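Architecture and fold: a report
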Amino acid sequence: MATDRSRRRAWTLGVVAAAILTVLALTGGVFSGLRSVANAVVTPFNWTVNEVARPIGHLFSGAINYSDVVAQNQKLRYELGQAQLKSNESWPLQRQLQQISTELDVPYVGSLPTVAAQVTTLSPTNFAATVNISKGRDSGILVGMPVVANGGLVGSVIATSPEGATVRLISDVNSSVGVTFGNGSVSLVVTGRGVNNGLSATSVPLSTPITPGTKLATNGLNGALYPPGLPVAKVASVKLTPGAATYNLVLRPTADLRHLLYLDVVLWEPTA
Amino acid sequence: MRRALVPAVVATLIIEALQLTVLSSLRIEGVVVMLVWLWPLAMGLTGFTSLALVTALVAGVFFDTHANTPFGLTAVVALVLAYAASRLGREGVGDLDSAAWWVTPALAALGGFVAPMLYVVAGAGALNFNLWRGSVLMMMFINAGAFFVLARPMTRLARTIANVGDRVRR
């Protein structure tokens, strides 16, 4: 008897939970309200746990990843040196490129205003490659604006608040970027393959002259989500299935998406 | 159940905070260990179905409001795990005292292995067919391993909280 009652109670709870979840998922307005309420409830717990547990977490993380950190530091020093060298060598060329871009009315990221922001938190889930940043609407950041860092496109803004924003990385499974290469005659769509899996481009016609090492940049076609010329990825390998009329590309993002600390939001909005 | 509800919800919120602040940055091979799935599963293994479902709902909904994934998927997976574990818990399977030491960790590991796949299937049900493109297999193995390790302490904590109601009743 008691078992029947508790089973009935469990089923009722399950059905009510499913109904609540469905209603909330279907009503976007309620969802955004719920999100802020949930944030308000969890924040004090977050703060307390953060104060206590984060140093411990950093200790473990540091101990586990120490050799990676040292290697990364050395690599960064090397890259910084190279970048400084290149910057010193190429400033006349950059000035020339900016001049030409202005004359051709082509938006070039060097001439577009940007807002620098710090990455505050990473996505808490395995199924979305997003990061939260420290600047938001108050700094002029709007949904849809491209984000760059580490020498390439990182993603775009998908949500904003007055003092923060969420950026969907190009490696997210729901991300797609129109790209081109060489003389710009061929356009491809690059899609994300998840947090750890980089990028890919599928159904590339066999006639497309592309080889490993080819650099891809945003195509900036009419109505595109990104301005043209932002470096996106490099071709890591070309996969051809025997008998298929197209091939697939495995791509490595130009920007190092695993070590994002600071990034630039390009104050550019997609054209309608 | 009612007496245990408040401590269970508070514990769930603390675990939620741990998940969001610590585990999201402390990744293993880039994979986040989903404590918000292990907790309802552990609560389910104590045999308190309603309590397990409530903790699953709270943990899932709060997590979903912080993630940019289809709303409700984490909660659905947590509810399924909690219900399945509670069916086993009611039969005494996975009891910390009477069963062999490895039964609870093994059940939790099975839960951790299945959960990411359930998530992808639930995502397909919500018409999001892109979720399988992530490294699902890696998530399954890493969560299974982590759940195996954490199962006993989590179940012990769950049992302590669930027994609060019983003790007060007595």
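Basis of the calculations
- Residue positions are given per chain, counting from 1 as you read along its sequence in written order.
- Working convention: letters from A go to chains and numbers from 1 go to ligands, in the order in which they are written.
- In keeping with the model being predicted, local features are shown solely for residues with a pLDDT of at least 70 and side-chain atom pairs are shown and tallied solely at 80 or more, while totals for entire chains, interfaces and linings include all residues.
- In this text, helices come from DSSP runs of H or I with a minimum length of four residues, and strands from runs of E with a minimum of two, each type numbered from the N-terminal end.
- As a rule, residues whose C-beta atom has 12 or fewer other C-beta atoms within 10 Å are exposed, those with 20 or more are buried, and those in between are partly exposed; C-beta atoms are placed from the backbone.
- Residues are defined as contacting one another if the C-beta atoms placed from their backbone atoms lie within 7 Å.
- Between the two quantities, the radius of gyration covers C-alpha atoms and the globule rule is 2.2 Å times the number of residues to the power 0.38.
- A strand pair is defined by DSSP finding two or more bridges across the two strands.
- Lines fitted to C-alpha atoms define the axes here, with helix axes fitted over just the stretch in contact, and angles between the N-to-C directions of these axes take values from 0 to 180 degrees.
- To estimate the expected span of a helix, count its residues, drop one, and scale the result by 1.5 Å.
- Nonpolar core, as used here: buried Ala, Val, Leu, Ile, Met, Phe, Trp, Tyr and Cys residues forming one set through C-beta atoms within 7 Å.
- Boundary definitions for the domains trace back to an automatic or database domain assignment.
- Residue-level confidence of the predictor is summarised by pLDDT, bounded by 0 at the bottom and 100 at the top.

Things to note about the overall build of chain A
What chain A contains, in helices and strands, is two helices and 12 strands. Helices (α) and strands (β) of chain A occur, in sequence order from the N terminus, as α-α-β-β-β-β-β-β-β-β-β-β-β-β. When each of the 272 residues of chain A is scored for burial, the buried share is 29%. Contacts in chain A between residues at least 24 apart in sequence constitute 57% of all its contacts with a sequence separation of at least 6.

Things to note about the overall build of chain B
Scanning chain B from terminus to terminus reveals six helices and zero strands. For chain B, the α and β elements follow one another from N to C terminus as α-α-α-α-α-α. Scaling as 2.2 N^0.38, a compact globule of 170 residues should have a C-alpha radius of gyration of about 15 Å, and chain B matches this with 15 Å. Once the C-alpha set of chain B is aligned to its principal axes, its extents read approximately 50 × 30 × 30 Å.

Considerations on the sheet that holds strand 12 (residues 262-266) of chain A
Residues and elements named next belong to chain A. Pairing within the closed barrel is antiparallel, and its six strands lie in the order 1-2-5-4-3-12. The sheet shows a mean angle of 45° between the axes of neighbouring strands, taken without regard to direction. Looking at chain direction, strand 3 (residues 146-149) and strand 4 (residues 152-161) are connected through four bridges and run antiparallel. For P146, the partnering residue across the bridge sits in strand 4 and is S156.

Observations regarding the interface of chain B and chain A
Contacts between the two partners involve 41 residues from chain B, matched on the other side by 43 residues from chain A. Of all the elements in the fold, those that place two or more residues in the side of chain B that touches chain A are helix 1 (2-23), helix 3 (49-66), helix 4 (73-90) and helix 5 (103-125) of chain B.

A word on helix 3 of chain B
For helix 3 of chain B, with 18 residues, the first-to-last C-alpha span of 26 Å sits near the 26 Å given by 1.5 Å per residue. Helix 3 of chain B sits mainly inside the fold: 18 of its 18 residues count as buried.

Points about unusual backbone geometry
Despite not being glycine, N150(A) shows a phi value in the positive range, around 50°. By secondary structure assignment, the location of N150(A) is in the loop between strand 3 and strand 4. The backbone phi angle of E29(B) is positive, close to 50°, even though this residue is not glycine. With respect to the helices and strands, E29(B) occurs in the loop between helix 1 and helix 2 (35-45). Residue classification places E29(B) among the exposed residues on the basis of 10 C-beta atoms within 10 Å.

Quick look at the sheet that holds strand 11 (residues 246-253) of chain A
Residue and element names in this part refer to chain A. Around the barrel, which closes on itself, the six strands sit in the order 6-7-8-11-10-9 with antiparallel pairing between neighbours. Taking each pair of neighbouring strands and ignoring which way they run, the sheet shows an average axis angle of 40°. Where strand 6 (residues 176-180) lies against strand 7 (residues 187-192), five bridges are found, and the strand directions are antiparallel. In the strand pairing of strand 7, V179 is matched with L188.

Focus: the nonpolar core
Ranked by internal contacts, the top residues of the largest apolar core, which has 110 residues, are V154(A), L53(B), L79(B) and A82(B). If you count residues domain by domain, this core takes at least three from each of domain 1 (2-67) and domain 2 (116-272) of chain A. Discounting chain neighbours no more than four positions away, the residues touching L53(B) are A10(A), L13(A), G14(A), A17(A), L79(B), A82(B) and Y83(B).

Side note on the environment of D256(A)
Residue position: D256(A) is located in the loop between strand 11 and strand 12. Taking the C-alpha atoms as reference, D256(A) lies 28 Å from D138(A); in sequence the two are 118 residues apart.

Points about the confidence of the model for chain A
For chain A, per-residue confidence averages 80 on the pLDDT scale, and 80% of positions sit at 70 or higher. Across chain A, the secondary-structure element scoring lowest on mean pLDDT is helix 2 (residues 28-104) of chain A, at 69, and the one scoring highest is strand 5 (residues 164-169) of chain A, at 93.

Remarks on the pairing of strand 8 (residues 199-205) of chain A
Residue and element names in this part refer to chain A. With two bridges connecting them, strand 7 and strand 8 associate as antiparallel partners. In the strand pairing of strand 8, G192 is matched with L199. Sheet topology places strand 8 next to strand 11; five bridges connect them, and they run antiparallel. Bridge assignment links P205 to a residue of strand 11, and that residue is T246.

Observations concerning helix 4 of chain B
Residue and element names in this part refer to chain B. Look at helix 4: 26 Å from first C-alpha to last across 18 residues, which is about the 26 Å you get at 1.5 Å a residue. Counting buried residues along helix 4, 14 of its 18 residues qualify, which places the element largely inside the surrounding structure. Positive backbone phi, approximately 85°, marks G92, located one or two places after helix 4.

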